[in-house]
Amino acid sequence: NAGVTQTPKFQVLKTGQSMTLQCAQDMNHEYMSWYRQDPGMGLRLIHYSVGAGITDQGEVPNGYNVSRSTTEDFPLRLLSAAPSQTSVYFCASSTQGGGHGYTFGSGTRLTVV
Amino acid sequence: SQQGEEDPQALSIQEGENATMNCSYKTSINNLQWYRQNSGRGLVHLILIRSNEREKHSGRLRVTLDTSKKSSSLLITASRAADTASYFCATEGNSGYSTLTFGKGTMLLVS
């Protein structure tokens, strides 16, 4: 099925551990984004990319790193996990030019203990 | 910072009734989008309205946009239990690259 695939769906980390959240899309979308969703806060943009090799920071980038080596993949790296990074993470993609809806993945629920 | 703010935060209605959710935003936009999120799931794009449009329909959904007041409303007619979900408005700016800024959402319960 075409869409955005996120792995893993659930993850528990210890404080200080690192990990990579995977995101892949098969729609040849140029734009990809990572959001985190916390209770009562809506979705906040972490990092985004407008094409392979181009990334930029969103509203809450600290503690996260991204790269975009291919159009399909946009992994999000947690460098040293902290309890404040406990959240649900969503990856989304859209075609270039704006004015189009985004397709979201099903999310990764991350708990940092 | 949050761009959109939905109102009300929660809404409870009976099946068959209409549900209206409002969204206010702060800066100039290229378009405004509405998304639905069922509990524990990802967001699903419902409808997009461009800054030069005032009203748009899609099935039982009707969206209005008032750029002078920086506000939008989403109307769901003849609600069903399956409409129970959280609804988010998101704005796409008109400068730079395309990113979405979300509001905090309205939780709709249809019983």
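Scope of this entry: the structure provided in the associated data block. Per-chain numbering applies: the sequence of each chain, read as written, is numbered from 1 onward. Labels are handed out in written order, letters beginning with A for the chains and numbers beginning with 1 for the ligands. Whole-chain, interface and lining totals are the exception, using all residues; otherwise, since this is a predicted model, local features are given only for residues with pLDDT of at least 70 and side-chain atom pairs are given and counted only at 80 or more. Derived side-chain values reflect all non-hydrogen atoms in the structure, with water molecules and hydrogen atoms excluded from consideration.

Things to note about the sheet that holds strand β6 (residues 55-58) of chain B
Within a sheet, neighbouring strands are paired by backbone hydrogen bonds and run either parallel or antiparallel to one another. Residues and elements named next belong to chain B. Strand pairing is defined by DSSP finding a minimum of two bridges between the two strands. Numbering of helices and strands starts at the N terminus; helices are DSSP runs of H or I of at least 4 residues and strands are runs of E of at least 2. Overall, antiparallel pairing links the 5 strands, which are arranged β1-β3-β8-β7-β6 in an open sheet. What marks the edges here is a single partner per strand, and that holds for β1 (5-7) and β6. Averaged over neighbouring strand pairs, the angle between their axes works out to 20° when direction is ignored. In terms of strand pairing, strand β3 (residues 19-24) meets strand β8 (residues 71-76) through 6 bridges, oriented antiparallel. Opposite alanine 19, over in β8, you have isoleucine 76 as the bridge partner. Under this scheme, a helix contributes an axis fitted over its contacting stretch, all axes are lines through C-alpha atoms, and angles between N-to-C directions fall in the 0 to 180 degree range.

Brief notes about the packing of aromatic side chains
Side-chain rings of Phe, Tyr and Trp (the six-membered ring for Trp) are treated as a pair once their centres are within 6.5 Å; stacked means planes under 30 degrees apart, edge-to-face means over 60, and tilted covers the remaining angles. Within this structure, the stated rule accounts for 7 aromatic pairs over all chains. With centroids separated by 6.5 Å and ring planes inclined at 75°, the aromatic side chains of phenylalanine 90 of chain A and phenylalanine 104 of chain A adopt a geometry described as edge-to-face. Within this pair, whereas phenylalanine 90 of chain A is found in strand β9 (residues 87-94), its partner phenylalanine 104 of chain A is found in strand β10 (residues 103-104), the two being separated by 14 residues in sequence. Each of the two residues, phenylalanine 90 of chain A as well as phenylalanine 104 of chain A, counts as buried. Each residue in the set Tyr35, Phe90 and Phe104 of chain A together with Tyr35 and Phe102 of chain B is aromatic and connected to the rest through ring pairs, giving one cluster. Throughout this description, the term charge over a ring refers to an Arg CZ or Lys NZ atom that lies within 6 Å of the ring centre and within 35 degrees of the ring normal. Just above the ring of phenylalanine 74 of chain A sits the side chain of arginine 68 of chain A; from NZ or CZ to the centre is 6.0 Å. The buried label applies to any residue whose accessible area, calculated with a 1.4 Å probe on protein chains only, is under 20% of its type's maximum; exposed applies above 50%, and partly exposed to all values in between.

Side note on the pattern of salt bridges
Two side chains bearing opposite charge may form a pair once their charged atoms approach each other closely. All names here are of chain A. Any carboxyl oxygen of Asp or Glu that lies within 4 Å of a side-chain nitrogen of Lys or Arg is treated as forming a salt bridge with it. For the structure on display, the rule yields 4 salt bridges over all chains. Note that aspartate 38 is salt-bridged to arginine 36, the shortest N-O span being 2.9 Å. With its nearest N and O atoms 2.8 Å apart, the salt bridge here joins arginine 44 to aspartate 38. What makes arginine 44 buried here is its relative accessible area of 15%.

Brief notes about the pairing of β9 of chain A
Residues and elements named next belong to chain A. The element β9 is largely enclosed, with a buried count of 8 among its 8 residues. The alternating pattern of β9 places Ser87, Tyr89, Cys91 and Ser93 and Val88, Phe90, Ala92 and Ser94 on opposite faces, both of which are buried. Across 3 bridges, β9 lies against strand β11 (residues 108-112) in antiparallel orientation. Bridging across to β11, valine 88 finds its partner in arginine 109. The sheet contact formed by β9 and β10 spans 2 bridges and is antiparallel. If you follow alanine 92 over to β10, its bridge partner there is phenylalanine 104.

Without other data, these values stay purely geometric and don't point to any function.
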